[in-house]
Number of protein chains: 2
Amino acid sequence: MTTTPLSGAARQPTIKEVAALAGVSPMTVSRTLAGGKNVRPDVQDRVFEAVHALGYHRNENARSIRPGQASGLVGVAITNLGNPYYGNFALGVEEIAFQFGRRIVLGNTGEDVVRERQLIADFIGRQVEGLIVVPSGGDDAHLQRESLRDTPLVLASRTVPGVTADAVVLDDIGGAYRGTSTLLDAGHTRVAYLGNVTSVFTGQRRFEGYQRALADRGIPLDPELVRRGQQDAETASAAMRALLDLAEPPTAIFSANNRNSIGALQAIAARLRQDPDAMRPSIVSFDDFELAELMPVPVTVVDHDPRELGRQAAHLLFTRLLETPDAPAHEIEMPTQLRVARA
Amino acid sequence: MTTTPLSGAARQPTIKEVAALAGVSPMTVSRTLAGGKNVRPDVQDRVFEAVHALGYHRNENARSIRPGQASGLVGVAITNLGNPYYGNFALGVEEIAFQFGRRIVLGNTGEDVVRERQLIADFIGRQVEGLIVVPSGGDDAHLQRESLRDTPLVLASRTVPGVTADAVVLDDIGGAYRGTSTLLDAGHTRVAYLGNVTSVFTGQRRFEGYQRALADRGIPLDPELVRRGQQDAETASAAMRALLDLAEPPTAIFSANNRNSIGALQAIAARLRQDPDAMRPSIVSFDDFELAELMPVPVTVVDHDPRELGRQAAHLLFTRLLETPDAPAHEIEMPTQLRVARA
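Computed from a prediction, not measured in an experiment: that's the story for all the values here. (Residues numbered from 1 in each chain as written. Chains lettered and ligands numbered in written order. Predicted model: local features only at pLDDT ≥ 70, side-chain atom pairs only at ≥ 80, totals over all residues. Heavy atoms only, no water.)

Caption draft 1: Layout of the overall build of chain A. Check the secondary structure of chain A and you find 11 helices and 12 strands. On the principal axes, the C-alpha backbone points of chain A span a range of 80 × 45 × 35 Å. Here chain A holds 343 residues, and the buried ones make up 58% of them. Across chain A, contacts joining residues at least 24 apart in sequence account for 68% of those joining residues at least 6 apart. Total accessible area on chain A is roughly 13000 Å²; 51% of this is exposed by carbon and sulfur atoms. One finds the centroid of the 35 positive side-chain charges in chain A at a distance of 5 Å from the centroid of its 41 negative side-chain charges. (Helix = DSSP H or I, 4+ residues; strand = E, 2+ residues; numbered from the N terminus. Buried < 20%, exposed > 50% of the residue type's maximum accessible area, 1.4 Å probe, protein only. Contact = heavy atoms within 4.5 Å. Areas by Shrake-Rupley, 256 points an atom, 1.4 Å probe, with all protein chains shown as cover. Lys, Arg positive; Asp, Glu negative; His and termini not counted. Charge placed at Lys NZ, Arg CZ, Asp CG, Glu CD.)

Below is the structure:
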């Protein structure tokens, strides 16, 4: 069998017995098992030694199904755990959840709304205390309050039209505006745009920032310089090669996310390897990425902290859960900073 | 309230009602809610529309606490979710768990064994069906069968002396041996070693591969060329700077993981920016990393697939759970491939 039946004959040790053996209070045992906040590491060690000696285990599930009791789980649905951006986002959520004695149930949607609906229905079936979702976009029925049976929802990185929920997003428009503006102010007039599919909230907002920067300087948008729909580095590389092959190629690139930036840089470097005198377009990348400072062309990043985005999303959820369950939906917009990548 | 009490007055819709509304069998509803394996997407859509229309929800927790029933959860403890290597590892685990209708409860240990013990005690309290752990190393009491109350355990990437469990690891020794050998066979005689703390299983094994490659060629180990204990890119950069400042610096580097490789490359690039004629040591990196092909010095990677490592770990767990619960512990060693990074 995979789990030990609760109705097993063996009598379960009590938290009092664990506390007595560890020489601490039952509250200290609880706090240690709930994450150890404000419990000294050496005391935590004593508690765990007693827990192991007695074979004591809280039963979270048993607690969770008493009416009104909490499961201690937070459901987290993200679009691509393989992208370091979302790995750090999940790390930030987990860090705060851990401080509140909660655990995260994590699912990857791969930008697939059907998978997202499956995950959320499953999370609610598990009575998660709340949901933190990076929405795939598209259909939103499963994110409506009635579908969620009033389970608190925090949208992260992207919001969904028609869905009222707490949300933490980046200053996508402002970041893209400033990023594009630095290229225009440096004298570039043919600045290309590389971004993800138009259905994605961040894709729309970052494209809007790019458009506004051009418009404010009276530079017409050249459709041939706009390449949207690249979700990974491979497709971004192909889009960049097409731009380099234009009769009048761009002298600079605004890239709306790190997948597009990495693909574009791979294509540019491959071209430079064939022809060291080939064009070296400057790049502004929304999202930082490792080794940006070692690229063969100048890179400026529109920087932000995905781990902090995760922390903020978790704080919104626990504020809703523990403090102001009936407050109106609250949206946080996190700032971005322009940073020139230098070794 | 955060969760809807099961004893709520409202009658819960049944799976039969959902099936009738969707025009499918109750089994198809179950399969869809369990991950949708072998269910056509359009049929899954109909099922979810009916689920939402009726407000139907499985109660996973209620199922899980019936004696002998499974929670449908797999506890996953990894050391650093911020490292893309582990993000992809978790993605592979989640992918297979999803296929089996399970969800993963994910915790980050930050290489802290106290945190690891807290997580595992908590996971067991939640009656996870199994555990997949990248162990921090050090104390192992919490990984012993009795502490786990017979919850199946799979160790990933690293094993723990004295702990008998299914495990999937990389061919660390062979990969490091071949990686170091390519540098020696290219004529390098001063090949430095950059790696993580000696207590880490992979650190020990990769250092052993490095030592063996030197020994087989009668090259004495020079302690001044061995820098261990770097867990992040910042400390690895400092270690690399110290190597570059040696009276007789190394002409090549074997780096035992991607954190050390990235830190080393940042230090080398910074030095080249000050002095374009500075030494350009060749690097062999255990672990691939993005943009390796664009570095200012030659990079060869000892490549492997962290996502596949995660899939294999999950397969070991579900084989143990569903097929051969009493089989002896099984260890899988996954191969690595040398790959020269080229744009």
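Read on for the rest.
Caption draft 2: Here's a closer look at the sheet that holds strand 3 (residues 130-133) of chain A. The strand order 11(A)-5(A)-4(A)-3(A)-1(A)-2(A)-2(B)-1(B)-3(B)-4(B)-5(B)-11(B) describes an open sheet built from 12 strands, whose pairing is mixed. Looking at the sheet topology across the chains shown, the edges are occupied by strand 11 (331-334) of chain A together with strand 11 (331-334) of chain B. This sheet shows a mean twist of 20° between the axes of neighbouring strands, independent of strand direction. Pairing of strand 5 (residues 166-170) of chain B with strand 11 of chain B involves four bridges; the strand directions are parallel. Its bridge partner being in strand 11 of chain B, Val169(B) is matched across the sheet by Glu333(B). The strands touched by helix 6 (residues 113-125) of chain A are strand 1 (73-78), strand 2 (103-108) and strand 3 of chain A together with strand 2 (103-108) of chain B; relative to strand 2 of chain A, the strand with the most contacts, the crossing angle is about 155°. (Pairing = 2+ DSSP bridges. Axes fitted to C-alpha atoms, helices over the stretch in contact; angles between N-to-C directions.)

Caption draft 3: Summary view of the domain arrangement of chain A. Residue and element names in this part refer to chain A. As assigned here, chain A comprises domain 1 (5-54), domain 2 (73-164 + 306-335) and domain 3 (172-303). A C-alpha centroid distance of 30 Å is found between domain 2 and domain 3. Counting from both sides, the interface comprises eight residues of domain 2 and, opposite them, nine residues of domain 3. Of all residues in domain 2, Asn83, Arg158 and Thr159 give up the largest surface area on contact with domain 3, accounting jointly for 40% of the area buried on that side. On the surface where domain 2 and domain 3 come into contact, there are one salt bridge. Residue Arg205 is joined to Glu333 by a salt bridge in which the shortest nitrogen-to-oxygen separation is 3.2 Å. For the pair domain 2 and domain 3, the number of links is one residue pair in polar contact (both at pLDDT 80 or more). A breakdown of the residues in the side of domain 2 that touches domain 3 according to their chemical character gives two nonpolar, three polar and three charged. (Domains from an automatic or database assignment. Buried area = accessible area lost by both parts, 1.4 Å probe. Salt bridge = Lys/Arg side-chain N within 4 Å of Asp/Glu carboxyl O. Polar contact = N/O pair within 3.5 Å; in protein donor to acceptor, adjacent residues only side chain to side chain. Nonpolar A, V, L, I, M, F, W, Y, C, P; charged D, E, K, R; others polar.)

Caption draft 4: Summary view of the confidence of the model for chain A. Residues and elements named next belong to chain A. Here chain A averages 88 in pLDDT, and 92% of its residues register 70 or above. pLDDT under 50 marks residues 1-10. Its contacts with residues more than four places away, or in other chains, come to 19 contacts. Segment residues 60-68: pLDDT under 50, and 29 contacts once partners within four positions in sequence are set aside and those in other chains are kept. (pLDDT = per-residue confidence, 0-100.)

Caption draft 5: Spatial organisation of the sheet that holds strand 8 (residues 252-255) of chain B. All names here are of chain B. Strand order in the open sheet formed by six strands is 7-6-8-9-10-12, and the pairing between neighbours is mixed. Edge positions in the sheet fall to strand 7 (226-228) and strand 12 (337-340), since each of these pairs with one other strand and no more. If you compare each strand with its neighbour and ignore which way they point, the axes differ by 15° on average. Bridge count between strand 10 (residues 299-303) and strand 12: four bridges; the pairing is antiparallel. Along strand 12, the bridge assignment pairs Val302 with Leu338. Lying over the sheet, helix 7 (residues 172-185) contacts strand 6 (191-195), strand 8, strand 9 (282-286), strand 10 and strand 12, oriented at roughly 170° with respect to strand 9. Along the sheet face, helix 8 (residues 201-216) touches strand 6, strand 7, strand 8 and strand 9 and points at about 175° away from the line of strand 6.

Caption draft 6: Quick peek at helix 7 of chain B. Residues and elements named next belong to chain B. Here helix 7 contains 14 residues, and its C-alpha end-to-end distance of 20 Å stays within 8% of the 20 Å for a straight helix at 1.5 Å per residue. Within helix 7, 10 of the 14 residues are buried, leaving the element largely enclosed by the surrounding structure. For helix 7, every residue scored as buried is listed here: Asp172, Ile173, Gly174, Gly175, Ala176, Gly179, Thr180, Ser181, Leu183 and Leu184. In the segment just after helix 7, Gly187 is the residue with positive phi, at about 105°. (Expected span 1.5 Å × (residues − 1).)

Caption draft 7: Spatial organisation of the pattern of salt bridges. Residue and element names in this part refer to chain B. Applying the stated rule across the entire model yields 53 salt bridges over all chains. We note a salt bridge from Arg40 to Asp42, for which the minimum N-O separation is 2.9 Å. Its relative accessible area of 53% is what places Arg40 among the exposed residues. Accessibility expressed as a relative area gives 37% for Asp42, which makes it partly exposed.

Caption draft 8: Focus on the pairing of strand 1 (residues 73-78) of chain B. Residues and elements named next belong to chain B. Counting buried positions along strand 1 yields six of six residues, so the element is predominantly enclosed. Residue alternation in strand 1 divides its side chains into two sets, Leu73, Gly75 and Ala77 and Val74, Val76 and Ile78, and both sets are buried. The pairing of strand 1 with strand 2 spans six bridges and is parallel. Residue Ile78 lies in a different strand from strand 2, and its bridge partner there is Asn108. In this fold, strand 1 hands off to helix 5 (residues 84-99), which returns the chain to strand 2; that crossover is right-handed. (Right-handed = clockwise from strand over helix to strand, strands pointing away.)

Caption draft 9: Here's a closer look at the packing of helix 3 (residues 41-54) of chain A against helix 6 (residues 113-125) of chain B. Between helix 3 of chain A and helix 6 of chain B, the least distance of the axes is 11 Å, while the angle of their chain directions is 40°. For the element pair helix 3 of chain A / helix 6 of chain B, the angle class is oblique. Between helix 3 of chain A and helix 6 of chain B lies a crossing of left-handed hand. Taken together, the residues of helix 6 of chain B that come into contact with helix 3 of chain A (itself represented by Gln44(A), Asp45(A), Phe48(A) and His52(A)) are Val114(B), Arg117(B), Gln118(B) and Ala121(B). Taken together, the residues of the contact of helix 3 of chain A with helix 6 of chain B break down into three nonpolar, three polar and two charged. (Parallel < 35°, antiparallel > 145°, perpendicular 65-115°, else oblique. Left-handed = near helix turned anticlockwise from the far one by under 90°.)

Caption draft 10: Quick look at the nonpolar core. Counting residues in each nonpolar core, the largest one holds 88 residues, and the members touching the most others are Phe89(A), Ile132(A), Phe254(A), Phe89(B), Ile132(B) and Phe254(B). Residues within four places of Ile132(A) in sequence aside, it is in contact with Val74(A), Gly75(A), Val76(A), Ala77(A), Phe89(A), Val93(A), Val154(A), Ala156(A), Ala313(A), Ala314(A) and Leu317(A). Counting 56 residues, the second-largest nonpolar core is a separate cluster that includes Ala239(A), Leu244(A), Ala341(A) and Ala192(B). (Core = buried A, V, L, I, M, F, W, Y, C linked by side-chain atoms within 4.5 Å.)

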